[in-house]
Amino acid sequence: MAGHIPPQVIPGMVEPVTTVRHFAAPGARELRAQAVHRLQVGLFGLCAMLLIVGLANIIMDRAKLTDTQDPIHDVVAVDARPQKPATDPLADIGVVPAADPSPTPTPSDSGTERP
């Protein structure tokens, strides 16, 4: 390569790679630092999950306490107008059988007896 100019090495900069470099295995200190970091992240995650579960438990307990019926509801229920029972208009006109069939009147002995 006749026109190729080699890169200039500026002081303080990293020199370009000109030869093959092999992988250097991490030392004992680096391995220990990685293990401590993993342990810290794991413990932080565990504590975060415990806090979330505890907060959810507190919220559910408070919801159960407030879920009980309010005493004002009894006062309002006494003052409310009575609602008439729901009727089925199709059953009233005889198109479909009634959901709650009323008992059919039985013939009574009114003094007329058949021989």
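The structure under discussion appears in the preceding block.
Residues numbered from 1 in each chain as written. Predicted model: local features only at pLDDT ≥ 70, side-chain atom pairs only at ≥ 80, totals over all residues. Heavy atoms only, no water.

Student: Could you clarify how one ought to interpret the overall build of the chain in this entry?
Tutor: The helix and strand inventory of the chain stands at 3 helices and 0 strands. Seen in sequence order, the chain has helices and strands lined up from the N terminus as α-α-α. Here the chain, with 115 residues, has 1% of them falling under the buried criterion. Total accessible area on the chain stands at roughly 12100 Å², and carbon and sulfur atoms take up 64% of it. (Helix = DSSP H or I, 4+ residues; strand = E, 2+ residues; numbered from the N terminus. Buried < 20%, exposed > 50% of the residue type's maximum accessible area, 1.4 Å probe, protein only. Areas by Shrake-Rupley, 256 points an atom, 1.4 Å probe, with all protein chains shown as cover.)

Student: When you look at a nonpolar patch on the surface in this model, what are you seeing that I'm missing?
Tutor: Taken together, the side chains of Leu-39, Leu-43, Leu-46 and Leu-50 make up a nonpolar region of the molecular surface, amounting to roughly 420 Å² of accessible area. Mapping Leu-43 onto the fold places it in helix H1 (residues 28-67). (Patch = residues over 30% accessible without salt bridge, like charges linked within 9 Å, V, L, I, M, F, W, Y side chains within 5 Å. Salt bridge = Lys/Arg side-chain N within 4 Å of Asp/Glu carboxyl O.)

Student: I would appreciate a short explanation of the environment of Val-96 in the present structure.
Tutor: Mapped onto the secondary structure, Val-96 falls in the segment after helix H3 (89-93). In contact with Val-96, other than residues within four places in its own chain, are Asp-88, Leu-90 and Ala-91. (Contact = heavy atoms within 4.5 Å.)

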